[in-house]
Amino acid sequence: MRFIRESLRHENSKTTEIYTHITTKTKKLYKMKKTSTILCIILIVMIMIGCKKEQKENTTMKVGETNSTDFYQDFDPNIIFPSNATGYKYELDINGDSINDIEFKYVADVGNFYGYHGTYLAHINSNFYYLLGSSGIKVCNENDLVSCNDIYDNLGGDYEPFTLSYDYYSSVPVQINDTTWEFNDTSYYSGNWHNVENKFIVYKFLDENGWYIGWIRLGFNDDGKLEIYEYGYKKVNGCS
Ligand SMILES: [Ca+2]
């Protein structure tokens with residue numbers, strides 16, 4: 001009888017030990033699960049904050065900067081419009097997909113009493129947009145900070161070019177008094193780009209991978225002829 005009692009006590013104590021062991025393990029597991037759930041939540045929140053931050057920071061570009069560009073092209077020698085440039089045009093395939101994106105065209109006409117000459121930027125790819133200023137395409141300087149959400153335009157219809165540098169002159173008869181007329185030579189410059197050097201056009205474009213923002217460094221001589229130095233662009237997020 002005593003043996004049975006001892007055996008039972010022993011079994012009881014063993015059961016208690018096992019129960020305690022299991023309870024401790026379960027508690028530990030529960031604690032671990034709780035800890036990993038909290039860690040997961042913290043991780044998700046951190047990723048969400050990180051993504052949001054990256055998206056916010058990735059809409060801007062410093063004009064002329066080459067460090068952060070995804071593509072950069074330096075023209076050496078520069079693209080220079082020829083001296084007899086009438087009707088000359090230069091088309092640029094910015095992103096190398098064999099579709100030309102930007103067209104610069106030089107126009108000139110000289111008559112007896114009037115004439116004009118200058119360079120236009122023409123719309124040839126509807127996925128390309130140009131940063132606008134108060135009138136026409138904005139004349140940007142190196143290190144200007146621009147955003148892909150500033151105001152852009154894709155230049156409208158097929159051949160509704162924006163004037164970059166344009167000089168119109170005329171010899172207009174002006175009446176001095178009842179009997180006297182004089183021919184006055186007048187010259188009108190239009191476009192913000194007349195006779196500028198080392199300035200930038202800023203553009204953005206859309207392809208199957210999303211939005212990109214970029215710049216072209218260029219200049220115009222006194223005749224409105226174009227010289228292109230280099231260009232670059234980078235991928236951006238959060239643009240519309
Ligand atoms: Ca292209």
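About the criteria used
Residues numbered from 1 in each chain as written. Predicted model: local features only at pLDDT ≥ 70, side-chain atom pairs only at ≥ 80, totals over all residues. Helix = DSSP H or I, 4+ residues; strand = E, 2+ residues; numbered from the N terminus. Buried ≥ 20, exposed ≤ 12 C-beta atoms within 10 Å, placed from the backbone. Contact = placed C-beta atoms within 7 Å. Pairing = 2+ DSSP bridges. Core = buried A, V, L, I, M, F, W, Y, C linked by C-beta atoms within 7 Å.

(A) Molecular detail of the overall build of the protein chain. Looking only at helices and strands, the protein chain has 1 helix and 13 strands in total. For the protein chain, the succession of helices and strands along the chain, N to C, is α-β-β-β-β-β-β-β-β-β-β-β-β-β. Residues counted as buried form 23% of the 240 residues belonging to the protein chain. At a minimum sequence separation of 6, the contacts of the protein chain that also span at least 24 residues come to 62%.

(B) Layout of the sheet that holds strand β13 (residues 226-235). Taken in spatial order, the 6 strands make up an open sheet running β2-β13-β12-β11-β6-β8, and their pairing is antiparallel. At either end of the open sheet lies a strand with only one pairing partner, and these are β2 (71-80) and β8 (152-153). Across 9 bridges, the pairing between strand β11 (residues 199-207) and strand β12 (residues 210-220) is antiparallel. Note that in β12 the partner of Ile201 across the bridge is Ile216.

(C) Up close: the environment of Ile216. Along the polypeptide, Ile216 turns up in strand β12. Classification of Ile216 by C-beta neighbours within 10 Å gives buried; the count is 23. Considered as a pair, Ile216 and Cys140 are 76 residues apart in the sequence and their alpha carbons are 9.8 Å apart. Those residues in contact with Ile216 that sit more than four places away from it in its chain are Phe200, Ile201, Ile228 and Tyr231.

(D) Examining the nonpolar core more closely. By size, the foremost hydrophobic cluster in this structure holds 39 residues, and its most contacted members are Tyr130, Ile201, Val202 and Trp215. Every element with two or more residues in this core is listed here: β4 (102-110), β5 (114-123), β6 (128-131), β11, β12 and β13. Looking at this core, the element that brings in the most residues is β12, giving 7 residues. When residues no more than four places from it in sequence are discounted, the contact partners of Ile201 are Tyr130, Ile137, Trp215, Ile216 and Leu218.

(E) Region of the structure containing the pairing of β4. The sheet contact formed by strand β3 (residues 89-92) and β4 spans 4 bridges and is antiparallel. Each residue of the ladder has a partner; that of Glu91, found in β4, is Glu103. Alignment of β4 against β5, held across 9 bridges, turns out to be antiparallel. Within β5, the residue paired with Val110 across the bridge is Gly115. Connecting the antiparallel pair β4 and β5 is a turn made up of 3 residues.

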